[in-house]
Each structure stands twice: as C-alpha cells, then as structure tokens.
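Analysis of the macromolecular model
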Amino acid sequence: MNKGKVDVLLGLQWGDEGKGKVVDVLTPHYDVVARFQGGPNAGHTLEFEGQKYVLRSIPSGIFQGDKINIIGNGVVLAPDLFMEEAQALEQSGHDLKSRLHISKKAHLIMPTHRVLDQAFEAQKGKNRVGTTGKGIGPTYTDKVSRVGLRVGDILDNFEQKYAAAKARHEAILKSLHFEYDVTEVERHWMEGIDYLRQFHIVDSEHEVNRLLREDKSVLCEGAQGTMLDVDFGSYPFVTSSNTICAGACTGLGIGPNRIGEVFGIMKAYCTRVGAGPFPTELFDETGQRIRDLGHEYGAVTGRERRCGWIDLVALRYSIMINGVTQLIMMKSDVLDQFPTIKACVAYRVKGELTRDFPYDITDGIEPVYEELPGWQTDMTHLTSEDQFPKAFCDYINFLEQQLETPITIISIGPDREQTILRNGK
C-alpha cells in the first residue's frame, strides 16, 4: 500500500485468475477501490463467512464497510444488470448507495447493443471469438465511434439521446436482416436507469485525483486478463478494452507517475474461456481433472473453462508490459494430487525455439515443457509458508527464477482465510 499512490491489481493470463478474492484480501489496507475497465462479462467470485458472491460491475471493495468504491470511466455499464447485482448485495446487508460512486463518463450498454453483439457474432460463423453476448464489444465500438451514451447523459435530456442511439442500432440490425424483440428487456433496462440515478454520479477523474492529493491509498481492480487486452492479447480473440496496467490510467484519469505497486495475478496452471489460441491446452484426462478439481466454470456464463499447464512464455510477456512488481499465485491447491507438474518455458515456432511471445499464436505453436515433481499433499488446511511441502517450495522457486519477479501471496483455497502471505516478501 502506498499513500497518495495507485496500486494496480490485474490478471496476467486469459482472465478468471481469482482477482475478486485477492482484492477482498487486500482491500483492508486501502482507502479506495476502483474498477477501470470491462463490463458485466467479467465475474469476480468471492467466498467468505459461508457466503458466495459474484460481482460483475461493482468493485470488490464493497464488502469493506468504510471504503469508497468507484466505477471508472473505462467501464461499460448495463443498468439492468447493475441493478440486479446491487439489489442482491443490498439484500445481503451491504450498503451501496453511500459508498459506491459511478463515473459520468462510463458508457452505457443498451439493450440493442446486446442484439448487435449476437448479430455480429452470428455473421462470423466459424471465426467467432466467443463473446458472452452482453453487448460489450458494440458498446466500446460506439465509444470509439463517438456516438455512445454515457452515464452522465441520464441526468439531462436522456430520452431524446436514447432514442437517437437506438435508431442507429435499429438501422444496422435492419441491414443485417436480424430478427429481435427488446420490449421486455428495454422495460427492465429503463428501471435500471431510474435505479442508477439514486447513486453518486461523479466526475471520477477529479474525485480520484483529489483523493490522491489527500494522501489516500487507491487499489485499482482490473477485469479479465492481460492476454485478452485489445492491443497486446491474442488478437482477434480478445476483449474490447485495455486490460493492462496502462488501462488504469486511461480508465480512471490518473497520470503514470501515480502508479505504485503492480500486483499480477496468475493461476498455478492456465485456463481460457471461449474461442482463441491456447498453446498449453490439455485435451486429455489431465485437463479434465484440473477442470474438475478447480471447478473451472465461468462465474457469469457457467461455460466450461479450457485448462492446461502454466505458460511462462505468456506470463513473462504479461509481466513485462504491465511492469509487475509482485506476483500472486492462485489455486495452488488444485495441483495437490498430481505426481508431476509441467511448465511451458519456451515455444517452438516453425522449428525455431523462442522464449518471446510471438505476434500470432493461432497456428504452429509447440510448447516446450520442463517437468517438476508434484507435492501430493493437501495444502488447503495450511496456515503459513513454513508448512509448505518441499516440492511446492521448489515449484515456487522455479517460477520466481523463470519470471524474475517475487511471488508474495499464495492462495490455497477459495475462502479469504486460505491465503498465505509469504515471509519476507
């Protein structure tokens, strides 16, 4: 934690690394938690005190009673889904309206954005990117096309602005001959707009910088993962926003000199949801076993996650472009039963060996593995690093040497209590 600084927490793989739990663990040390990109396609799962929560748009710091939570300008917000998420939290006893602030500059996901998402994906046929269909891509498209609706628009002449945006979408859908009916969805969406008006709708860039000048500590929470970044991920099988550390600057309106620690989250293995290249994917019983032991199913979509061994080529790349200062390893316990653990240390591309992440990983990538002995010990009950089996300590040391970055936090189970802060790190 750095007073007057912004620490950034983000995923280093293809998303689903466990960011929600880590934010919840780190939040007590910060004054402010802020989301800087993404939308309700990303679900952060938190488990504590016998309850399980899935957050889609609301920052994970909402469970800490005295924290300010900010939805930044880089986020795209679906009012109806936000309302459902917020009301469920309120029913669980969490007071949102006094602590949750929403940027006027965050863009709104309209009902017709979701229809456009489905229509565009259907057009791609076998080249589908595996979108969640929640309208994220078309909303960001409107944003860069300078025709988007923003949260601040709901405060002034909103009906006219909404009608104009909807008409643009309807013209596109007509040209695609795509049949749809948003009547019921639109009714619920408008209820979400009324609900949204009850919150603090703010100029979040001014608010964040004011808090920093007051020497407050801010934790920025990223969604998805680095390998889904629109610029640096496995394009075109990526999301529509910048999921990397630089996205915290543009998604909240803060200068690069305000960045303090950069926490990079990774799993002890690798997963991916939807279409797209995945060099270390396992199609055998081992992959299925990892999926079953890790409960690898999407928090929002319920889709099966593809599973494979850890990819150190992709991780080194992610660490480099994010400027990661500390690594956090999740789901180490999922590998507890395996006699042998593999780690991809290089790629063979068209017969050539490389440790650098290439421009295109869609074809011809052969992972080169190193094998390490498994620890074959149930670690879910451990409470300190001193209790780690030697083989697991060797695995950690191997990863730190390969990635040239310290692993400071290790998760050995889904509960917030199953988190080990490493000694001397």
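Scroll up to find the structure.
A quick note: this is a predicted structure, and the numbers were derived from the prediction, not measured. (Residues numbered from 1 in each chain as written. Predicted model: local features only at pLDDT ≥ 70, side-chain atom pairs only at ≥ 80, totals over all residues. Heavy atoms only, no water.)

**Considerations on the nonpolar core**
- Among the nonpolar cores identified, the biggest contains 57 residues, and V8, L312, M329, L335, F392, Y395 and L399 are the most heavily contacted of them.
- The element contributing the most residues to this core is helix α11 (residues 390-403), with seven residues.
- Those residues in contact with V8 that lie beyond four places of it in its chain are F36, C220, C245, A248, I259, E261, V262 and F263.
- Residues I102, M110, I193 and Y195 belong to the second largest nonpolar core, which totals 30 residues. (Core = buried A, V, L, I, M, F, W, Y, C linked by side-chain atoms within 4.5 Å. Buried < 20%, exposed > 50% of the residue type's maximum accessible area, 1.4 Å probe, protein only. Helix = DSSP H or I, 4+ residues; strand = E, 2+ residues; numbered from the N terminus. Contact = heavy atoms within 4.5 Å.)

**Let's talk about the sheet that holds strand β11 (residues 259-267)**
- Ordered in space as β9-β7-β5-β2-β10-β1-β11-β15-β19-β20, the ten strands form an open sheet in which the pairing is mixed. Here the strands that pair on one side only, and so sit at the sheet edges, are β9 (200-202) and β20 (419-421). Neighbouring strand axes in the sheet, compared pairwise and without regard to direction, differ in orientation by 20° on average.
- When strand β1 (residues 6-11) meets strand β10 (residues 218-221), the two strands line up parallel, connected through four bridges. (Pairing = 2+ DSSP bridges. Axes fitted to C-alpha atoms, helices over the stretch in contact; angles between N-to-C directions.)

**Details of unusual backbone geometry**
- The omega torsion across Y235 and P236 is 5°, close enough to zero to call that bond cis.
- When you line up the elements, P236 lands in the loop between β10 and α8 (246-252).
- Although it is not a glycine, E404 sits at a positive phi angle of roughly 55°.
- Structurally, the position occupied by E404 is in the loop between α11 and β19 (407-411).
- Judged by its relative accessible area of 71%, E404 is exposed.

**A closer look at empty space enclosed by the protein**
- Taken as a whole, this structure holds one cavity of 30 Å³ or more when the rule is applied.
- Here the largest cavity is characterised by a volume of approximately 30 Å³.
- Along its surface, the largest cavity is lined by L12, Q13, W14, M227, C270, D311, A314 and L315.
- When grouped by side-chain class, the residues that make up the lining of the largest cavity number six nonpolar, one polar and one charged. (1 Å grid on protein atoms, 1.4 Å probe; cavity = no way out; pocket = protein on both sides within 12 Å on 5 of 7 lines; lining within 4 Å. Points joined across faces, edges and corners; volume = space filled by probe spheres on them. Nonpolar A, V, L, I, M, F, W, Y, C, P; charged D, E, K, R; others polar.)

**Section: the pattern of salt bridges**
- All told, the structure shown has 23 salt bridges when counted by the stated rule.
- Between K97 and E90 there is a salt bridge, with the nearest N and O atoms lying 2.8 Å from each other.
- Look at E90 and you get partly exposed, because its relative accessible area is 26%.
- E366 serves as the salt-bridge partner of R348, at 3.8 Å between the closest nitrogen and oxygen. Of this pair, R348 sits in strand β16 (residues 340-349) while E366 is found in strand β18 (residues 365-373), placing the two residues 18 residues apart along the sequence.
- One network of salt bridges, in which partners are shared, links D16, K267, E296, R305 and K331. (Salt bridge = Lys/Arg side-chain N within 4 Å of Asp/Glu carboxyl O.)

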